[in-house]
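An overview of the molecular structure
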Amino acid sequence: DAGVIQSPRHEVTEMGQEVTLRCKPISGHNSLFWYRQTMMRGLELLIYFNNNVPIDDSGMPEDRFSAKMPNASFSTLKIQPSEPRDSAVYFCASSQPSGSYNEQFFGPGTRLTVL
Amino acid sequence: AQSVTQLDSHVSVSEGTPVLLRCNYSSSYSPSLFWYVQHPNKGLQLLLKYTSAATLVKGINGFEAEFKKSETSFHLTKPSAHMSDAAEYFCVVSEAGKLIFGQGTTLQVKP
């Protein structure tokens, strides 16, 4: 298995532009998580899905952020409009059926820079 | 709510010497605890996890951690550091299917 796949790996955009980050979870995993990592706030959970359904989006910063999971093998995180403070590394992770002991497998991340 | 506190933001050791990365947790019941490692410009990788089967947990690359309920600690250790161990280490607790991360400890390994 190729692991969790994220694209793009790097994104540089200008303030006000729409940004879409993509994630392909590991086949057979039914939980998917989006995280944001910054120096100031560390790793934060933004949203997670079970069986393609959003379960908890309390970590989504504001209405400019939205996430979808149209099927079991694909998810997007969209920022519209983007702002410089959104600059961060965004990680996607997946795991087998949700449970406390289940390991989450992380993708390599997307480094977003908003100018 | 559960939480973890990593007591050191930065640890520096010499190659071949022991490693100790400290983590305390806060939980009202028996927690699920993990250690993840992040190498520069990489994603996170699971080192080990505590699942209540044994208090001493062995992980990859020679790391291990001991769950001590009386001290609410889950410290990560390795007998002999290698240069390739230089990375960021996260102590993590699971709550309702979500992972809650500590602030991380940067491990520096000097030759």
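Just so you know, these numbers come straight off a predicted model, no measurement behind them.

Averaged over every residue, the pLDDT of chain B is 92; residues scoring 70 or more account for 99%. Mean pLDDT across the elements of chain B ranges from a minimum in strand β11 (residues 98–101) of chain B, with 86, to a maximum in strand β3 (residues 19–21) of chain B, with 98.

Residues B:Trp35, B:Phe74, B:Leu76 and B:Tyr89 are the most contacted members of the largest nonpolar core, which totals 26 residues. Formed by 21 residues, the second largest nonpolar core is a distinct cluster that contains A:Val4, A:Leu32, A:Phe65 and A:Met69.

Moving on, we get to the environment of A:Pro84. Residues and elements named next belong to chain A. Relative to the elements of secondary structure, Pro-84 occurs in the loop between β8 (74–79) and β9 (88–95). On the accessibility criterion, Pro-84 (39% relative accessible area) is partly exposed. Sequence separation between Pro-84 and Thr-13 is 71 residues; the distance between their C-alpha atoms is 9.3 Å. Sequence-distant contacts of Pro-84, that is, excluding residues within four places in its chain, are made with Met-15, Val-114 and Leu-115.

This part takes up the sheet that holds strand β1 (residues 5–7) of chain A. Residues and elements named next belong to chain A. Strands sit in the order β1-β3-β8-β7 across an open sheet of four strands; the sheet is antiparallel. If you trace the sheet from one side to the other, it starts and ends with β1 and β7 (65–71), each paired once. Direction aside, the axes of adjacent strands within the sheet are offset by 15° on average. Across three bridges, the pairing between β1 and strand β3 (residues 19–24) is antiparallel. The residue bridging Gln-6 from the neighbouring strand is Cys-23, located in β3.

Our focus in this paragraph is the interface of chain B and chain A. On the chain A side, the residues contacting the 21 residues of chain B number 21 residues. Buried area between chain B and chain A, summed over both chains or domains, comes out near 1700 Å², and the portion from carbon and sulfur atoms is 50%. Counting across the chain B and chain A interface gives four residue pairs in polar contact (both at pLDDT 80 or more). When the residues that make up the side of chain B that touches chain A are grouped by side-chain class, the tally is nine nonpolar, nine polar and three charged.

Reading the values: the criteria
- Residues numbered from 1 in each chain as written.
- Chains lettered and ligands numbered in written order.
- Predicted model: local features only at pLDDT ≥ 70, side-chain atom pairs only at ≥ 80, totals over all residues.
- Heavy atoms only, no water.
- pLDDT = per-residue confidence, 0-100.
- Helix = DSSP H or I, 4+ residues; strand = E, 2+ residues; numbered from the N terminus.
- Core = buried A, V, L, I, M, F, W, Y, C linked by side-chain atoms within 4.5 Å.
- Buried < 20%, exposed > 50% of the residue type's maximum accessible area, 1.4 Å probe, protein only.
- Contact = heavy atoms within 4.5 Å.
- Pairing = 2+ DSSP bridges.
- Axes fitted to C-alpha atoms, helices over the stretch in contact; angles between N-to-C directions.
- Buried area = accessible area lost by both parts, 1.4 Å probe.
- Polar contact = N/O pair within 3.5 Å; in protein donor to acceptor, adjacent residues only side chain to side chain.
- Nonpolar A, V, L, I, M, F, W, Y, C, P; charged D, E, K, R; others polar.

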